[in-house]
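Structure assessment
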Amino acid sequence: MSRITRQRPTVLRAAACLGVAALTLTACGSGSGSGSAGSGSGGVKVGLITKTDTNPFFVKMKEGAERSAKENHAQLLTAAGKFDGDNAGQVTAIENMVASGVKGILITPSDSKAIVPAIQKAQAKGVLVIALDTPTEPQTAVDALFATDNLKAGELIGEYAKAAMKGKKAKIATLDLAPGVSVGVQRHDGFLKGFGVGAKDPSVVCSQDTAGDQAKGQTAMENCLQKEPGINLVYTINEPAALGAYTALKAKGREKDVLIVSVDGGCTGTKAVKSGQIAATAQQYPLKMAAEGVKAVVTYAKDGKKASGYTDTGVNLISDKPQAGVTSKDTAYGLENCWG
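In this report, we go over the structure that sits alongside the text.

Each value, and the rule that gives it
- Residues numbered from 1 in each chain as written.
- Predicted model: local features only at pLDDT ≥ 70, side-chain atom pairs only at ≥ 80, totals over all residues.
- Heavy atoms only, no water.
- Phe/Tyr/Trp six-rings, centres within 6.5 Å; stacked < 30°, edge-to-face > 60°.
- Helix = DSSP H or I, 4+ residues; strand = E, 2+ residues; numbered from the N terminus.
- Lys NZ or Arg CZ within 6 Å of the ring centre and 35° of its normal.
- Salt bridge = Lys/Arg side-chain N within 4 Å of Asp/Glu carboxyl O.
- Buried < 20%, exposed > 50% of the residue type's maximum accessible area, 1.4 Å probe, protein only.
- Axes fitted to C-alpha atoms, helices over the stretch in contact; angles between N-to-C directions.
- Parallel < 35°, antiparallel > 145°, perpendicular 65-115°, else oblique.
- Contact = heavy atoms within 4.5 Å.
- Nonpolar A, V, L, I, M, F, W, Y, C, P; charged D, E, K, R; others polar.
- Core = buried A, V, L, I, M, F, W, Y, C linked by side-chain atoms within 4.5 Å.
- Left-handed = near helix turned anticlockwise from the far one by under 90°.
- Disulfide = S-S within 2.5 Å.
- Pairing = 2+ DSSP bridges.

**Quick word on the packing of aromatic side chains**
For the structure on display, the rule yields four aromatic pairs. Between Phe 57 and Phe 58, the ring centres sit 5.4 Å apart and the planes meet at 90 degrees, which makes this aromatic pair edge-to-face. Taking the centre distance of 5.0 Å and the plane angle of 90 degrees together, the rings of Phe 57 and Trp 339 count as edge-to-face. Taken as a pair, Phe 57 in helix α3 (residues 56–71) and Trp 339 in the segment after α12 (331–336) lie far apart in primary sequence, 282 residues in all. Members of the aromatic cluster, joined through ring pairs, are Phe 57, Phe 58 and Trp 339. Positioned above the aromatic ring of Phe 195, the side-chain terminus of Lys 162 is 4.9 Å from the ring centre. The ring of Tyr 333 carries the charged tip of Lys 329 above its face, separated from the ring centre by 4.8 Å.

**Comments concerning the pattern of salt bridges**
When charged atoms on two side chains of opposite charge get close, those side chains can pair. Inspection of the entire model under this criterion finds nine salt bridges. For Arg 187, the salt bridge is made with Asp 264, and the minimal N-O distance between the two is 3.2 Å. With Arg 187 in helix α7 (residues 182–195) and Asp 264 in strand β10 (residues 259–264), this residue pair connects regions lying 77 residues apart in the sequence. Assigned by exposure class, Arg 187 and Asp 264 land together as buried. It is possible to trace a salt-bridge network through shared partners that takes in Lys 60, Glu 63 and Arg 67.

**Topic: the packing of helix α4 (residues 87–99) against helix α5 (residues 116–124)**
Relative to each other, α4 and α5 sit at 5 degrees, their axes nearing to 9 Å. The angle between the axes of α4 and α5 places the two elements in the roughly parallel class. Facing α4, whose interface residues are Val 91, Ile 94 and Val 98, α5 presents Ala 118, Ile 119 and Ala 122. Of the residues contributing to the contact of α4 with α5, the split by class is six nonpolar, no polar and no charged.

**Observations concerning the nonpolar core**
Counting 27 residues, the largest nonpolar core has Ile 157, Phe 191, Phe 195, Leu 233 and Val 261 as the members making the most contacts within it. Mapped onto this core, the elements with two or more residues apiece are α6 (150–165), α7, β9 (233–236), β10 and β11 (280–283). No other element matches the six residues that α6 contributes to this core. Listed in part, the 24 residues of the second largest apolar core include Val 46, Met 61, Val 297 and Val 298.

**What about the packing of helix α8 (residues 214–227) against helix α9 (residues 239–251)?**
It is at 7 Å that the axes of α8 and α9 come closest, and there the two elements cross at 45 degrees. If you check the angle between α8 and α9, you find them oblique. The element α8 and its partner α9 pack so that their crossing is right-handed. For the pair α8 and α9, contact is made by Gln 214, Gly 217, Gln 218, Met 221, Glu 222 and Leu 225 and by Pro 240, Ala 241, Leu 243, Gly 244, Ala 245, Thr 247, Ala 248 and Leu 249, respectively. Of the residues contributing to the contact of α8 with α9, the split by class is eight nonpolar, five polar and one charged.

**Some details on the environment of Ile 49**
Relative to the assigned elements, Ile 49 resides in strand β2 (residues 44–50). With residues up to four places along the chain from it excluded, the contact list for Ile 49 reads Ala 79, Gln 90, Ala 93, Ile 94, Met 97, Ile 105, Leu 106, Ile 107 and Thr 108.

**A word on the state of the cysteines**
The final tally for this structure, using the stated rule, is two disulfides. With its sulfur 2.0 Å from that of its partner, Cys 267 forms a disulfide with Cys 338. Taking the sign of the S-S torsion, about 90 degrees here, the bridge from Cys 267 to Cys 338 comes out right-handed. Remark: Cys 338 occurs in the segment after α12 and Cys 267 occurs in helix α10 (residues 267–275); sequence separation between them is 71 residues.

**Brief notes about the sheet that holds strand β7 (residues 172–176)**
The strand order β8-β7-β9-β10-β11-β13 describes an open sheet built from six strands, whose pairing is mixed. If you trace the sheet from one side to the other, it starts and ends with β8 (204–209) and β13 (316–318), each paired once. Sheet twist, expressed as the average angle between the axes of neighbouring strands with direction ignored, equals 15 degrees. Where β7 and β9 come together, four bridges link them in parallel fashion. Paired with Ile 172 across the two strands is Leu 233, which belongs to β9. Its contacts with the sheet put α7 on β7, β8, β9 and β10, and the angle it makes with β9 is roughly 150 degrees.

Below is the structure:
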């Protein structure tokens, strides 16, 4: 998500703005991150547009794109919204990149529906557009999608939670993302499916939106505990929300008797699994998404072959407390492959 919001210093943004004149006036001037990487002024031009340039998830995604651009002798142009949800900033970035002559654009859509017209205009000019991490609505609005199977990620932690509860009656709090955001919906639905309950099952005693933010996750958990003090299982959209929930539970002396499961697999979150604050998380791989996306654009530029459909970039359950019947990897593996 998150998928879901992630961060980078302003000084890098300012330096990057000096690198690509075509993006400077609008993308950088509006507060969107912008820059270039790869093989200088030569090679195929590839654009990367993320939701923000500050969230560690997107920082790792940019790192993957930069590495792949160098390996494939391509030039990488980058831009980002001011905040998660800045559709206008992403539209401007698409327009600027098309004007700069990119052969393809990789984008993590902030607004899966509102971005579609801008994508279609780019495609009409022969630009390959690939969504990373977050699908557009409809998913077919882009040429291809490289992303985590977020439904599967949710299922994995749901299955884990079901096994870890060992038949105990569950009182579940779901700390979600925001209404209508596909990543959040898929993870939430996957968790319920993996745990074996429906959306209106009485075991789900509280649901709150957090925007994937730690402070909002803490507030949401506090609200849920007021509503139902006996909560014993917490699903969270990502690890910042999970750590916020843990803080709220600890303040009530409940941190040892409430199971918390999450999704993302960032380094901070994986360390929280190792320390026992989070029982398990489903780890995704943003570096791979971007690296594969760059290679797809270079292939398109060379032989006209377009990437198409959905490419699953993988997900693994990470926990140091494995449960029977649920495949998982330990935090040593998680820390080797985390981001942030």
